[in-house]
Amino acid sequence: MPIVGVPIGERDVVRAAFTWNLAVEVARLGAWAAVVAPLADRASALWPEESIRPMGVNVLLVPATNLEELDRGAREIARQQHASARISVDAGGVVFVRIPPLWLRELGAGQASAGGTELLRWTLLFTSSEGRDLLESYGIAKLVTRLSPGARIGITVHGARRTGEAQAAFLRLAKVTRRRLSAHLTSYGLLVDDLHVYRAIVAQRPIGLVHPQSPAARSMRDVAELVLADARAAAHG
Amino acid sequence: MADDPAGRLRYVDALPRQELRDALRRAKAFDPPLRILAEDVLGADSRIDFVAVDPSGCVVLVVIGDEGEDSQLLTRALAHRAWVRPRLRDWLQLGPDLEISASAPVVAAILCPSFSPATRAAADDLGPEVVQLSSCRSVRNGAAATVLLERLSPRPAPAPPAAADHTSRFRSGLSEADLGLTSEEAREFE
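Visitor: What exactly am I supposed to notice about the state of the cysteines here?
Guide: One covalent bond between the sulfur atoms of two cysteine residues makes up a disulfide. Residue and element names in this part refer to chain B. Overall, the coordinates contain 0 disulfides over all chains when judged by the stated rule. Free cysteine Cys 136: the closest other cysteine sulfur is in Cys 112, separated by 8.3 Å. Residue class for Cys 136 comes out buried when judged on its relative accessible area of 7%.

Visitor: So what exactly am I meant to see when it comes to the interface of chain A and chain B here?
Guide: Often the size quoted for an interface is simply the accessible area lost on bringing the parts together. Across the contact, 32 residues belong to chain A and 31 residues belong to chain B. Taken together, the two surfaces of chain A and chain B that pack against each other cover about 3,000 Å², and 61% of this comes from carbon and sulfur. If you sort the residues of chain A by the area they bury against chain B, Arg 132, Leu 135 and Val 202 of chain A come out on top, with a joint share of 21%. Summed over the shared surface of chain A and chain B, the result is 7 salt bridges. On inspection of chain A and its partner chain B, the count reaches 12 residue pairs in polar contact (both at pLDDT 80 or more). If you list the elements that add at least two residues to the side of chain A that touches chain B, you get helix H1 (13-28), helix H3 (101-108), helix H4 (131-147), helix H5 (163-181) and helix H6 (195-203) of chain A.

Visitor: So what exactly am I meant to see when it comes to the pairing of strand S2 (residues 35-42) of chain B here?
Guide: Consecutive side chains along a regular strand alternate between the two faces of the sheet. Residue and element names in this part refer to chain B. Examined bridge by bridge, S2 and strand S3 (residues 47-53) share 6 bridges and lie antiparallel to one another. Residue pairing in the sheet places Val 41 in a bridge with Ile 48 of S3. Adjacent in sequence and paired antiparallel, S2 and S3 are bridged by 4 residues.

Visitor: What is the right way to read the environment of Pro 149 of chain A from this model?
Guide: Residue and element names in this part refer to chain A. Structurally, Pro 149 is set in the loop between H4 and strand S6 (152-160). Look at Pro 149 and you get exposed, because its relative accessible area is 58%. Spatially, the C-alpha atoms of Pro 149 and Leu 120 are 9.4 Å apart, while their sequence positions differ by 29 residues. Setting aside chain neighbours within four positions, we find Pro 149 in contact with Arg 121 and Val 144.

Visitor: Quick question: what am I supposed to make of the confidence of the model for chain B here?
Guide: Low pLDDT means the predicted atomic positions in that stretch should not be read closely. Residue and element names in this part refer to chain B. Here chain B shows a mean pLDDT of 80. Residues at 70 or above account for 83%. Within chain B, the lowest mean pLDDT, 61, falls on strand S1 (residues 9-12), and the highest, 94, falls on strand S4 (residues 59-64). Overall, residues 1-7 carries pLDDT values under 50, and its contacts beyond four positions in sequence, including any with other chains, amount to 9 contacts. Contacts of residues 155-166 to residues separated by more than four positions or lying in other chains number 15 contacts, the stretch itself having pLDDT below 50. Both scores are available for the predicted complex, with the pTM at 0.63 and the ipTM at 0.87.

Visitor: Explanation requested: the layout of surface pockets in the structure shown.
Guide: Over the atoms, a rolled probe matching the size of one water molecule traces out where space is still vacant. Residues and elements named next belong to chain B. Roughly 380 Å³ of volume is contained in the second largest pocket. In terms of lining residues, the second largest pocket is bounded by 22 residues, among which Asp 31, Pro 32, Leu 34, Gln 132 and Arg 151 are the most central. Those elements that provide at least two residues to the lining of the second largest pocket are strand S5 (106-112), strand S6 (131-141) and strand S7 (144-151). In terms of residue class, the lining of the second largest pocket is built from 13 nonpolar, 3 polar and 6 charged.

Visitor: Would you take a moment to explain H1 of chain A for this structure?
Guide: Because each turn of an α-helix spans 3.6 residues, side chains separated by three or four positions end up pointing in the same direction. Residue and element names in this part refer to chain A. The first and last C-alpha atoms of H1 sit 22 Å apart over 16 residues, in line with the 22 Å expected at 1.5 Å per residue. H1 sits mainly inside the fold: 15 of its 16 residues count as buried. Gly 30 sits one or two positions beyond H1 and adopts a positive phi of about 95 degrees.

Visitor: Can you walk me through the pattern of salt bridges in this structure?
Guide: Oppositely charged side chains can form a pair if their charged atoms are brought close together. Summed over all chains, the structure comprises 24 salt bridges over all chains. Close ionic contact of Arg 221 of chain A with Glu 25 of chain A constitutes a salt bridge, the shortest N to O distance being 3.6 Å. Remark: Glu 25 of chain A occurs in helix H1 and Arg 221 of chain A occurs in helix H8 (residues 215-236); sequence separation between them is 196 residues. Relative accessible area serves as the criterion here: at 1%, Glu 25 of chain A is assigned to the buried category. Among the ionic pairs, Arg 169 of chain B bridges to Asp 178 of chain B, the shortest N-O distance being 3.2 Å. Taking the relative accessible area as the measure of exposure, Asp 178 of chain B reaches 21% and is therefore partly exposed.

Visitor: Mind showing me how you'd approach H3 of chain A here?
Guide: Residues and elements named next belong to chain A. Those residues of H3 lying buried are Pro 101, Trp 103, Leu 104, Leu 107 and Gly 108. Buried residues along H3 cover an arc of 155 degrees about the axis, so they all sit on one side. In the core, the buried residues of H3 are packed alongside strand S1 (3-7), strand S2 (32-38), helix H2 (67-83), strand S4 (93-99) and H4.

Visitor: In this structure, what is going on with the packing of aromatic side chains? I would like to understand it.
Guide: Note on aromatic pairs: each is described by the distance of the centres and the angle between the planes. All names here are of chain A. Counted according to the given criterion, the structure contains 3 aromatic pairs over all chains. Relative to Phe 126, the ring of Phe 18 has its centre 5.4 Å away and its plane inclined at 45 degrees; by these criteria the two rings are tilted. Residue Phe 18 is found in helix H1, and its partner Phe 126 is found in strand S5 (residues 122-127); the two are separated by 108 residues along the sequence. The buried category is assigned to Phe 18, whose relative accessible area is 5%. When its relative accessible area of 3% is taken as the criterion, Phe 126 is described as buried. Arg 152 extends its terminal NZ or CZ atom over the ring of Trp 122, reaching a point 5.4 Å from the ring centre.

How each quantity is defined
Residues numbered from 1 in each chain as written. Chains lettered and ligands numbered in written order. Predicted model: local features only at pLDDT ≥ 70, side-chain atom pairs only at ≥ 80, totals over all residues. Heavy atoms only, no water. Disulfide = S-S within 2.5 Å. Buried < 20%, exposed > 50% of the residue type's maximum accessible area, 1.4 Å probe, protein only. Contact = heavy atoms within 4.5 Å. Buried area = accessible area lost by both parts, 1.4 Å probe. Salt bridge = Lys/Arg side-chain N within 4 Å of Asp/Glu carboxyl O. Polar contact = N/O pair within 3.5 Å; in protein donor to acceptor, adjacent residues only side chain to side chain. Helix = DSSP H or I, 4+ residues; strand = E, 2+ residues; numbered from the N terminus. Pairing = 2+ DSSP bridges. pLDDT = per-residue confidence, 0-100. 1 Å grid on protein atoms, 1.4 Å probe; cavity = no way out; pocket = protein on both sides within 12 Å on 5 of 7 lines; lining within 4 Å. Points joined across faces, edges and corners; volume = space filled by probe spheres on them. Nonpolar A, V, L, I, M, F, W, Y, C, P; charged D, E, K, R; others polar. Expected span 1.5 Å × (residues − 1). Arc of directions from axis to C-beta. Phe/Tyr/Trp six-rings, centres within 6.5 Å; stacked < 30°, edge-to-face > 60°. Lys NZ or Arg CZ within 6 Å of the ring centre and 35° of its normal.

Written out as C-alpha cells, the structure is:
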C-alpha cells in the first residue's frame, strides 16, 4: 500500500490537521487511509484524541526514534492492512506518515543510519503562497532529492484566496526546483482559505464531515482525489 | 461584592464585561500600549470588545472571553479578522486621522483566563501577526477592580535580513542552514 511521507514540525498543528483531514477524505472516497506518527506524538497537540476516528481513520503511533524505525512501523501497518483484506485492490488506500523534520536533518547531516530514505520516495509538502513558506518547501525538496534521488514530491498550496494565486505559487516553486535541483514537482491542488478550516482544526473535527459543502471541504476532497489516483496507479504499477 | 476591609488584593471571577473593559482602559494594561478606537463593535457575527491600533499602526481586534471559551474565541477572533481586513481601506477613507496602516497585519488579540494546549498550539502555528493570546485575570483591591494581563503567545520576531538568515526557523522547526539553503536560493522567493 502506498506510503506518503509528510514533514510536519512538532508544533505544526495546521499541517497535521491538513494531513488528518486528507486521510479522512481519502476514506470518504471509498479507500482505506491511516495516519502514522512517532509514539512521542502522544504528548503533543498535533493529533485528535484517540477516540476520534471519523470514517475509521486512525492516527497510529509507532515506537520510533528515527526515520528507519518509522519507515519499518509504517510498512508493517500497511502490510497488515493489505493482509487483512479489508480493502479491495481496486479501492486501494494510502498511509500518511508524519516525518519529524529534525529526523530529516539528522539523516541529511549523516547523524543517523542511512535507512528510512524509502519513506521519502513519495513526499507531500503543504505550503502557502508566502515567500517564506515557498522557500521552506524548496529547502525540504532539496534535502529530499539529495537523500532520495528521483523521489516524487507533491505540493499542495494552502491559504489561497484564488485559484490563480495558488497556481502562481506552485509554478514559482516548480520553476526554481526544476532549474536548481533538476527535480519535478507534482501539483496536488490547493486548499482554499476558509474559516471552516480553522474552526475544524480547533474543534478537532474533519472539515469534510462537519462542513461538507464549504469551499475548504470541496478543495480537500479534490486534493484527496489527486493523491488517491496516484496511490492507485502506484499500487497497480 | 462587599469591600474587603483589609484592602487585600484578591483574584475574582470574571467581572461584568463593561466593568472589565473599563478596567482594561484604566489600567492601560496592554503591552505594547494600544490606542483604542472603538469599543463593543459589531464584527463578523458577534461583537469585538475593542478595535485598537498598536504603535506600528497595526489594527488590533481585542476579544475577551470567560474560562473555557478560548477555542470558541479563537474561531470568533479569526472571523472578525477576516471581516475587518478587506474593510481597512474603507475605514481609512472614513477616518484618515485614525493613523492605521492599511498594509500592516490585522491582529486578533484574545484575552481569556486560560487557554487549552490545543488553542495555544493553533495560535503559535498561526503566528503573532495573526493572533496573540493573553491570560486575563481580574483583581479586586478593596472596591476597585483592575486587570492583570500576561502575554502568552510569542512576541513578533524582528524582520529577517535580505541575506540568508541561518538562525531563523521555518514552521517545520528547521533553519536555512539545516536545509543547506544559500543566499541566492533564498532570494528566489523574496
